[in-house]
Structures are given as C-alpha cells and as structure tokens.
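Here are the chains, one letter per residue:
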Amino acid sequence: MDNKFKDNLKLLRQEKGIGQTELAQQIGVSKGIISLWENGLREPNMYSLILLAQFFGVSIDYLVGLEE
C-alpha cells in the first residue's frame, strides 16, 4: 500500500504556504519530525494525526489517503 500520508502532508503544507519549521511550531513537534514524516521515514501517532487534521481542516482519513 502506498504511503499517501507523506504526499498529502507535504501538499497540504505547501498549499498553506508554510515551511516545515512553521508547521512544527504550530503542532508542537520538531522540524525534524515533519521532515521524517514527509520523507516516509516515520509515521505520526494518533495525537499528531488529530492535530494535523485540525490544523489543515481535513479528516484523518484524507490525511492517510483513505479518501480523496
């Protein structure tokens, strides 16, 4: 199964016009974590998924690629 999360996260961040550092500050993680997520090297925990979904105004299902 493709890891749509990394692609969706990067796309949402770029559409919002913010860098990894700003996103990291907004949700309370390090810039390094954002980079690991976007490169598919780590996956967020449920709490981080919720924060990301709220920040971007999308569903967790969208974030992880279960819905378009």
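Definitions and limits used
Residues numbered from 1 in each chain as written. Predicted model: local features only at pLDDT ≥ 70, side-chain atom pairs only at ≥ 80, totals over all residues. Heavy atoms only, no water. Phe/Tyr/Trp six-rings, centres within 6.5 Å; stacked < 30°, edge-to-face > 60°. Helix = DSSP H or I, 4+ residues; strand = E, 2+ residues; numbered from the N terminus. Buried < 20%, exposed > 50% of the residue type's maximum accessible area, 1.4 Å probe, protein only. Lys NZ or Arg CZ within 6 Å of the ring centre and 35° of its normal. Contact = heavy atoms within 4.5 Å. Salt bridge = Lys/Arg side-chain N within 4 Å of Asp/Glu carboxyl O. Expected span 1.5 Å × (residues − 1). Arc of directions from axis to C-beta. Polar contact = N/O pair within 3.5 Å; in protein donor to acceptor, adjacent residues only side chain to side chain.

*Asks:* Got a sec to walk through the packing of aromatic side chains? Specific residues and values, please.
*Replies:* All told, the structure shown has 2 aromatic pairs when counted by the stated rule. Taking 6.3 Å as the distance between ring centres and 75° as the angle between the ring planes, the aromatic pair formed by Phe 5 and Trp 37 counts as edge-to-face. Residue Phe 5 is found in helix α1 (residues 4-16), and its partner Trp 37 is found in helix α3 (residues 31-38); the two are separated by 32 residues along the sequence. As far as the burial class goes, Phe 5 and Trp 37 line up, both buried. Lys 16 extends its terminal NZ or CZ atom over the ring of Phe 55, reaching a point 4.8 Å from the ring centre.

*Asks:* Run through helix α4 (residues 46-56), naming residues and quoting values.
*Replies:* Regarding α4, the residues found buried are Ser 48, Leu 49, Leu 51, Leu 52, Ala 53, Phe 55 and Phe 56. Elements in contact with the buried residues of α4: α1, α2 (20-27), α3 and α5 (60-63). With its phi angle positive at about 70°, Gly 57 sits one or two positions after the end of α4.

*Asks:* Any chance you could break down the pattern of salt bridges for me, citing the residues and the numbers?
*Replies:* Inspection of the entire model under this criterion finds 2 salt bridges. Between Asp 7 and Lys 6 there is a salt bridge, with the nearest N and O atoms lying 3.6 Å from each other. The exposure class assigned to Asp 7 is partly exposed, which follows from its relative accessible area of 43%.

*Asks:* Outline α1, listing residues and values.
*Replies:* Between its first and last C-alpha atoms α1 spans 18 Å; for 13 residues at 1.5 Å apiece the expected length is 18 Å, and the two agree. Of all the positions in α1, only Phe 5, Asn 8, Leu 9, Leu 12 and Arg 13 are classed as buried. In an axial view of α1, the angular spread of the buried residues amounts to 130°, which keeps them on one side of the axis. Each element contacted by the buried residues of α1 is listed here: α2, α3, α4 and α5. Two to three positions downstream of the cap, the backbone nitrogen of Phe 5 sits 3.1 Å from a side-chain oxygen, assigning the N-cap of α1 to Asn 3. Two residues or fewer after α1 comes Gly 17, characterised by a positive phi angle close to 75°.

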